[in-house]
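If you want the building blocks of each chain, they are given just below.
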Amino acid sequence: MTALIQLRGINKYFGDYHALRDIDLEIKQGEFFSLLGPSGCGKTTLLRTIAGFEDPSAGTLSIDGRPMAGVPANKRPTNMVFQSYAIFPHLTVAENVGFGLRRDPRSKAEKAGAVKDALEMVGLGGYGARSAHALSGGQRQRVALARALILKPKVLLLDEPLSALDRKMRELMQVELMKLQRQVGITFILVTHDQEEALVMSDRVAVMFDGQIRQMDDPEAIYTRPRSREVAAFIGKMNFLPGTLHSSGEGVEADVAGLGRAMIPPDRVTPGLGSGPAVIGLRPESLAVLFEGETTTRRTVEGTVDEVVYYGDMTYYDVRIAGVDEPLNIAMKNLVGRDVLEVGTATRVAWDERSLVPLAP
Amino acid sequence: MLIAPPLVYALLLLALPLCAVVLFSFWTQDFMEVDTAFTLQNYREIWDSPVYLLLLQRSVFVSGMVTLVTVTLAYPVAYYISFNVAPAKKSMWIFLITIPFWTSYLIRVFLWKVILGYNGVVNSGLVGLGIIDEPLSFLLYNVNAVIITLAHAFAPFAILPIFVALEKIDRSLLEASRDLGEGRIRTFLRVTLPLSMPGLVAAVLIVFIPTIGDYVTPELMGGAGGKLIANMIQTQFLQLNNAPLGAALALVAMVCVTAIALVFIVLNRRWLRRQV
Amino acid sequence: MSGGRILGIYAVLYLIFLYAPIVLLPIFAFNDATIIAFPLSGFSTRWFEALWGNAALGDAVGNSLFIAAMTAILSTLLGICAARAGAMADFPGKSGILGFVMLPLVLPEIIIAVSLLIVLRQVLDMQLSNWTVIAAHTLLCTPFSIAILNGAFQNLDPSIEEGAMDLGESRWGAFCSVVLPLVMPGIVSSLLIAFTISLDEFIIAFFLTGSNPTMPVYIWGLLRFPQQLPVVMALGTILVALSIVLLAIAEFYRRRGLARAGLKDSGGFL
Ligand SMILES: Nc1ncnc2c1ncn2[C@@H]1O[C@H](COP(=O)(O)OP(=O)(O)O)[C@@H](O)[C@H]1O
Ligand SMILES: [Mg+2]
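Cut-off values and rules
Residues numbered from 1 in each chain as written. Chains lettered and ligands numbered in written order. Predicted model: local features only at pLDDT ≥ 70, side-chain atom pairs only at ≥ 80, totals over all residues. Heavy atoms only, no water. UniProt positions renumbered as here; feature names shortened; annotations may be inferred. Contact = heavy atoms within 4.5 Å. Buried area = accessible area lost by both parts, 1.4 Å probe. Salt bridge = Lys/Arg side-chain N within 4 Å of Asp/Glu carboxyl O. Polar contact = N/O pair within 3.5 Å; in protein donor to acceptor, adjacent residues only side chain to side chain. Nonpolar A, V, L, I, M, F, W, Y, C, P; charged D, E, K, R; others polar. Near = heavy atom within 4 Å. Areas by Shrake-Rupley, 256 points an atom, 1.4 Å probe, with all protein chains shown as cover. Helix = DSSP H or I, 4+ residues; strand = E, 2+ residues; numbered from the N terminus. Domains from an automatic or database assignment. Buried < 20%, exposed > 50% of the residue type's maximum accessible area, 1.4 Å probe, protein only. Arc of directions from axis to C-beta. Phe/Tyr/Trp six-rings, centres within 6.5 Å; stacked < 30°, edge-to-face > 60°. Lys NZ or Arg CZ within 6 Å of the ring centre and 35° of its normal.

An unreviewed UniProt entry annotates chain B as ABC-type spermidine/putrescine transport system permease subunit I of Pseudoroseicyclus aestuarii. What UniProt states about chain B under its Sequence similarities (unreviewed entry) heading is, verbatim, "Belongs to the binding-protein-dependent transport system permease family. CysTW subfamily." Its UniProt record gives chain B the following Subcellular location (unreviewed entry) comment, quoted word for word: "Cell membrane".

By the naming in an unreviewed UniProt entry, chain A goes by ABC-type Fe3+/spermidine/putrescine transport system ATPase subunit and is assigned to Pseudoroseicyclus aestuarii.

As structure tokens, this is what we get:
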């Protein structure tokens, strides 16, 4: 099966500034795809290139097998939810949602019905007659969604659609957007700088830095098997320990500062990373502080609690171990009957070979 | 390109004519005949003539005084509207201040004549109240009358830019200054005034430069001793038919005010830098 | 007494200073005496009646209305071009070009008058007419139109236009269906302001009118005849009333524009 959207060697210059570098991308029909990266890395530019608001300086883009070069934004089978939502302030909610239906050959009544359905779909049934500029942020976002989805595009492009909302609203809309996507079966491309949002919502995530896609994978792979230190540091928290890798017939063995020697499981081996100096990553939740009297079958290392940050459901410990400059950051669930350790307590840290992530230094 | 129409228009009707003025000022004219030989004669005539220099001096003085009076009177009003008037009523105040500006300029100037004249409002009022026996004759037909009238005419031009600059000031900056121990007056001098300076400078420029080109007010209000350079320019063009000399006068006047304005901007920049 | 109160009293006194001359207008316009001075004589509408039968004045008013209407249309069209160019992406020399187009705002009017007179009469040897005044007034009013329309265009979220294109409108279609309705209040107020400025402009018009004087030029002529002054007062009263009506309409449209764009009011013209 061929991809719905195909980008080949897309480059974009703004004057001298190289905003997009050799972007190759394929997105399948019905996929929920996210572009994730820090502010200024080129996510919006890439999205606007797909929408037809920017012309690539080099490379080709095709949607549904059709090359898009020279096709203006209004003729592309894509629709966009803008970061500012771009709700037309001089129109009512219903007029906004029906805006794109002008050329639709259906009768007035049918169109009105479609608008009503679209509004109900996004939970704004009965809001049609309201003036658009009096809406709240969350309502604007829903109008923007309804307005785009009513046109049944092949691809819906969303530029940081949730970033203007407060936390509660954002979490609610994340779930609603996922449901909506499954319901309509349209391919969604979401731009976000919020890693949690990308991991929660997407089928696949592309992590971008400096106009380049650094890694493209499903959320689980992005989180547990980042391919570079940059990606690992951007997605969640990670401890980095200096180390050396030894490749041999049996597999890859790592010599990790403070932890000692360990075999890297075959599925964790980063392709293209041979013997030599490396950085070994460990997620805070893959480590554990052992409480007094606790035993484990995992490997352990002695340490001293350096810092305690209490989060309610979680406690984050910084634990110093011999042979490493930076303390290890460890996330522990606060279970009933388990005390929070005090700074200065001597303790042991449990770890696993299976959670080591070898990375280029 | 969209900018082309207004640009072409301004080039054809502004840049080109200005060049023509420069060119003409180096020519001479005898009644209808224009002599296109390059000469500095017009400028020499201006330099040698006490009349032109006096008019020029007086014009710059009047423009300067008008600017000083207008901006000084306007600042507190702009400050009041920006800081003391309720937000919902601000545009009402601005509207009230702009209305007089949009009513016939000629008639407004003439009405000042009615106010300041021998049998005018001020004099009849003062005589009626028994404060004076004879009407005052020094109110009209002199430089002061010109300054008052112009200060009235340019009032909104001074208030609006200052108001806009004051509106842009983040109110928490003023609170921060108070929080850091400065009183109201020091806060005004160290925070409000420097931050409103762009508006103040705009107000000064927008009053100072155009006043030099007004010949209506001095004609009606100035009497014999209150004529300005613009009257002379108008006379040269429309009565004496000496366009080259008129052009040279206009250029000299323009260059004078522009130079003074530039000096003002430079001094202002320095003052601002010292404030920091 | 607090500082705010003192300032408030000062501001009210300042308003009185601003309105003093204008308040006198109707007083003398309805005063039954030829001399413009106190004490007043009695109520009369005869100066307004005198206006009615004045054919020369009628012609002057007609000229001025034509000039003002043409000026309003031309300067608003130029203003739309400049304001839209200003709101769009950067181009080389942008601020220089826009600054140059705004120059007439700070140029002494006599310079504009003189330079155009030289070009029209001496260089091109053209006859002065209403059109020469229109040309000059358009130059003078364009910066005001740009200032008003800049506000309208810059308040516009650029993605609004892209949004319309994304939903299937062409570039022109997007301009007509979303941009134009949103800036329409700005256009109306630009038309009215340019109209008002042109209607009242004297300094340039005096240099550039042909054989048919504009209304201010005609008034200027009247000011020299004392017996005509009450008629000027009556005319002035009508003009003030008219200006206030036009301005109130312009202000109404400006506010409606802000309301449509869902913005807070940030103050008046300019
Ligand atoms: N029209 C433009 N002209 C010049 N530079 C631009 C333009 N649009 C974006 N850029 C630059 O390209 C880079 C990427 O921008 P953008 O795609 O908006 O980043 P993101 O959406 O990832 O925050 C930024 O550094 C931005 O300054
Ligand atoms: Mg962005």
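Enquirer: Is there a simple way to explain the interface of chain C and chain B in this structure?
Expert: By convention, interface size is frequently given as the accessible area that disappears when the constituent parts associate. The partner chain B presents 78 residues to the 83 residues of chain C that form the contact. The contact between chain C and chain B buries some 7,200 Å² in all, and 84% of this surface belongs to carbon and sulfur atoms. At the surface where chain C touches chain B, the tally comes to zero salt bridges. Joining chain C to chain B, the criterion identifies eight residue pairs in polar contact (both at pLDDT 80 or more). Across the side of chain C that touches chain B, the residue classes tally to 66 nonpolar, eleven polar and six charged.

Enquirer: What am I meant to see in the site of ligand 1 here?
Expert: All names here are of chain A. If you check the shell around ligand 1, you find Phe 14, Tyr 17, Pro 38, Ser 39, Gly 40, Cys 41, Gly 42, Lys 43, Thr 44 and Thr 45 and nothing else. Within the contact set of ligand 1, an oxygen atom lies 2.6 Å away from a backbone nitrogen or oxygen of Gly 40. Measuring from an oxygen atom of ligand 1, one finds a side-chain N or O atom of Thr 44 at 2.5 Å. The protein chains hide 59% of the 560 Å² of surface that ligand 1 would expose on its own. Top element by residues in the shell around ligand 1 is helix α1 (residues 43–51). It accounts for three residues.

Enquirer: Is there a simple way to explain the domain arrangement of chain A in this structure?
Expert: Residue and element names in this part refer to chain A. Segmenting chain A into domains produces domain 1 (3–224), domain 2 (237–281) and domain 3 (283–352). With eleven residues of domain 2 at the contact, the number on the domain 3 side is 14 residues. Summed over both partners, the interface of domain 2 with domain 3 buries about 1,000 Å², with 58% contributed by carbon and sulfur atoms. Interface area lost by domain 2 to domain 3 is led by Lys 237, Asn 239 and Leu 259, which between them contribute 55%. Linking domain 2 to domain 3 there are zero salt bridges. The interface formed by domain 2 and domain 3 includes three residue pairs in polar contact (both at pLDDT 80 or more).

Enquirer: Which parts of the structure should I look at to understand the side chain of Asn 11 of chain A?
Expert: Residue and element names in this part refer to chain A. Inspection of the secondary structure puts Asn 11 in strand β1 (residues 5–14). There is a polar contact of 2.9 Å between the side chain of Asn 11 and the side chain of Asp 22. Ignoring anything within four residues of it in the chain, the contact list for Asn 11 reads His 18, Leu 20, Arg 21, Asp 22, Pro 56, Ser 57 and Ala 58.

Enquirer: Mind showing me how you'd approach helix α4 (residues 94–102) of chain C here?
Expert: In an α-helix there are 3.6 residues to a turn, and that puts residues three or four apart on one side. Those residues of α4 of chain C that fall on the buried side of the exposure criterion are Lys 94, Ile 97 and Val 101 of chain C. Down the axis of α4 of chain C, the smallest arc covering the buried residues is 75°, so these residues share one side. Contacts from the buried residues of α4 of chain C go to α1 (4–25) of chain B together with α3 (55–87) and α6 (130–154) of chain C.

Enquirer: Quick question: what am I supposed to make of the packing of aromatic side chains here?
Expert: In this description, an aromatic ring pair is defined by two values, namely the gap between the centres and the angle between the planes. What the rule picks out here adds up to 28 aromatic pairs over all chains. With centroids separated by 5.3 Å and ring planes inclined at 70°, the aromatic side chains of Tyr 311 of chain A and Tyr 316 of chain A adopt a geometry described as edge-to-face. Through a chain of ring-to-ring contacts, three or more aromatic side chains come together here, namely Tyr 215 and Phe 237 of chain B together with Phe 202, Phe 206, Phe 207 and Trp 220 of chain C. When the ring centre of Tyr 316 of chain A is taken as origin, the NZ or CZ atom of Lys 237 of chain A, which lies over that ring, is 4.3 Å away. The cationic tip of Arg 283 of chain A hangs over the ring face of Tyr 223 of chain A; the distance from NZ or CZ to the ring centre is 4.0 Å.

Enquirer: So what exactly am I meant to see when it comes to unusual backbone geometry here?
Expert: In most cases, non-glycine residues show a negative phi, while peptide bonds are predominantly trans. Backbone geometry places Glu 160 of chain A, a non-glycine residue, at a positive phi of 40°. Among the secondary structure elements, Glu 160 of chain A is positioned in the loop between β7 (155–159) and α5 (167–184). Of the residues examined, Glu 160 of chain A reaches a relative accessible area of 9% and is grouped as buried. One non-glycine residue, Tyr 141 of chain B, lies in positive phi territory at about 60°. Relative to the helices and strands, Tyr 141 of chain B resides in the loop between α6 (121–128) and α7 (143–153). Assessed through its relative accessible area of 45%, Tyr 141 of chain B is described here as partly exposed.

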